[in-house]
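Close look at the chain arrangement
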Amino acid sequence: KDGLVAVGDRRGLVTTWQVETGELVRTLRVPGTSAPGQTALKQTGPGQADALCFDETGERLAVGYQGSIRVWSVDDARVLQELPLPPHGKIVPEREFVLAIRYCAARSTWIGSTSAGRILLWRDASEELSTLVDPELYARRARDPSSQWIVSLAVSRDGRFLWSGSSDRSVLLW
């Protein structure tokens, strides 16, 4: 879907806009979130939409929330996949935020990074999950809990290389 841009907000709403015309295309709303112009008395949705990424066709949009990634159909605003963050050690997935998402078309894989210093890879068709963890990030957690946040991701076209950028200004090649 060429010419679309998506914007997430603190209520978990994601709005898509046509770039050329500025026309509102659609608002994706998770059940339990308030509608535009309304204030929720109690937040029962997934929390704010922290990360967004279209797939290579523009037909799907992945949105990172607290504890999960939801993959939406851009055309009809249906949730196609729910990709929950798995538990890891003492980390409670519901308190872990998805901070960046990328789609690797060469490997048909969604890649998400989290506030707990994890990089998670979901194979598209099977939802098979792999996890990358940098032990140095975990060692730094004792000194500065926010230092392990992986805030950006980039993947090579052929899917062989993945780069991650952390809040401590380090960049890793995986």
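Just so you know, the residues in each chain are numbered from 1, in the order the chain's sequence is written. At least 70 in pLDDT is required for a residue's local features to be given in this predicted model, at least 80 for side-chain atom pairs to be given and counted, and no such filter applies to totals for whole chains, interfaces and linings, which use all residues. Side-chain metrics in this entry use all non-hydrogen atoms of the structure; hydrogen atoms and water are not considered.

This part takes up the overall build of the protein. Numbering goes from the N terminus for both helices and strands, where a helix is a DSSP run of H or I of at least four residues and a strand is a run of E of at least two. Check the secondary structure of the protein and you find 1 helix and 14 strands. Per-residue accessibility, obtained with a 1.4 Å probe over protein chains only, is compared with the maximum for each type, and a residue is labelled buried under 20%, exposed over 50%, and partly exposed between these values. Here the protein holds 174 residues, and 43% of them are scored as buried. Any two residues whose heavy atoms approach within 4.5 Å at even a single point are treated as in contact. Here the analysis covers contacts within the protein between residues at least 6 apart in sequence; of these, 39% occur between residues at least 24 apart. Each accessible area is a Shrake-Rupley result for a 1.4 Å probe, and residues are judged covered by the shown protein chains and nothing else. When the accessible area of the protein is evaluated, it comes to approximately 9600 Å², of which 51% is carbon and sulfur surface.

Let us look at the side chain of Glu96. Mapping Glu96 onto the fold places it in the loop between strand 7 (79–84) and strand 8 (98–104). Residue Glu96 is classed as buried on the basis of its relative accessible area of 1%. Polar contacts involving the side chain of Glu96 include one to the side chain of Arg118, which spans 2.7 Å. Identification of polar contacts relies on pairs of N or O atoms within 3.5 Å, with a donor-acceptor requirement for protein atoms, meaning one able to donate a hydrogen and the other able to accept it, and with residues adjacent in sequence counted only if both atoms are side-chain atoms.

Our next topic: the pattern of salt bridges. Salt bridge, as applied in this entry: a Lys or Arg side-chain nitrogen positioned within 4 Å of an Asp or Glu carboxyl oxygen. Counted according to the given criterion, the structure contains 7 salt bridges. Close ionic contact of Arg78 with Asp76 constitutes a salt bridge, the shortest N to O distance being 2.8 Å. You can call Arg78 partly exposed: its relative accessible area is 46%. Between Arg118 and Glu96 there is a salt bridge, with its nearest N and O atoms 2.7 Å apart. On the criterion of sequence distance, the pair formed by Arg118 in strand 10 (residues 118–123) and Glu96 in the loop between strand 7 and strand 8 is long-range, its members being 22 residues apart. Take Arg118: its relative accessible area is 1%, and that puts it in the buried class.

For Phe, Tyr and Trp, where Trp contributes only its six-membered ring, two rings pair if their centres lie within 6.5 Å, and the inter-plane angle classes them as stacked under 30 degrees, edge-to-face over 60, or tilted in between. Per the counting criterion, the structure on display carries 2 aromatic pairs. Judged by centre distance (6.2 Å) and plane angle (35°), the ring pair of Phe161 and Trp163 falls under tilted. Positioned above the aromatic ring of Tyr65 is the side chain of Arg70, whose terminal nitrogen or guanidinium carbon lies 5.3 Å from the ring centre. Ring-over charges, as used throughout, are those where CZ of Arg or NZ of Lys falls within 6 Å of the ring centre and within 35 degrees of the ring normal.

The 3 strands lie next to each other as 12-13-14, forming an open sheet whose pairing is antiparallel. Of all strands in the sheet, those with a lone pairing partner are strand 12 (150–155) and strand 14 (171–173), marking the two edges. Each neighbouring strand pair of the sheet contributes to a mean axis angle of 20°, computed without reference to strand direction. Note: strand 13 (residues 162–166) against strand 14, 3 bridges, orientation antiparallel. The residue of strand 14 that forms the bridge with Trp163 is Leu173. Pairs of strands are assigned from DSSP output, requiring at least two bridges between the strands. Lines fitted to C-alpha atoms define the axes here, with helix axes fitted over just the stretch in contact, and angles between the N-to-C directions of these axes take values from 0 to 180 degrees.

Definition of nonpolar core: a set of buried residues of the types Ala, Val, Leu, Ile, Met, Phe, Trp, Tyr and Cys, connected through side-chain atoms within 4.5 Å. Among the nonpolar cores identified, the biggest contains 13 residues, and Ala62, Ile69, Leu83, Val98, Ile101, Trp110 and Trp122 are the most heavily contacted of them. Mapped by element, the contributors of at least two residues to this core are strand 4 (51–54), strand 6 (68–73), strand 8 and strand 10. Among the elements that take part in this core, strand 8 stands out by supplying 3 residues, more than any other. Judged by nonpolar contacts, the second largest core, of 10 residues, contains Leu4, Val14, Ala49 and Trp72.

Another aspect to go through is the confidence of the model for the protein. In the predicted model, the protein carries a mean pLDDT of 80, and 78% of its residues have values of at least 70. Confidence of the predictor at the level of single residues is given by pLDDT, which spans 0 to 100. This model gives residues 33–45 a pLDDT under 50, and the stretch forms 26 contacts once residues within four places in sequence are excluded.

This part is about the sheet that holds strand 2 (residues 14–18). What the 3 strands build is an open sheet, ordered 1-2-3; its pairing is antiparallel. In this open sheet, the two edge strands, each paired with only one partner strand, are strand 1 (4–8) and strand 3 (24–28). In this sheet, neighbouring strand axes are inclined to one another by 20° on average, regardless of whether the strands run parallel or antiparallel. Of the pairings in the sheet, the one linking strand 1 to strand 2 comprises 5 bridges and is antiparallel in character. Along strand 2, the bridge assignment pairs Val5 with Trp17.

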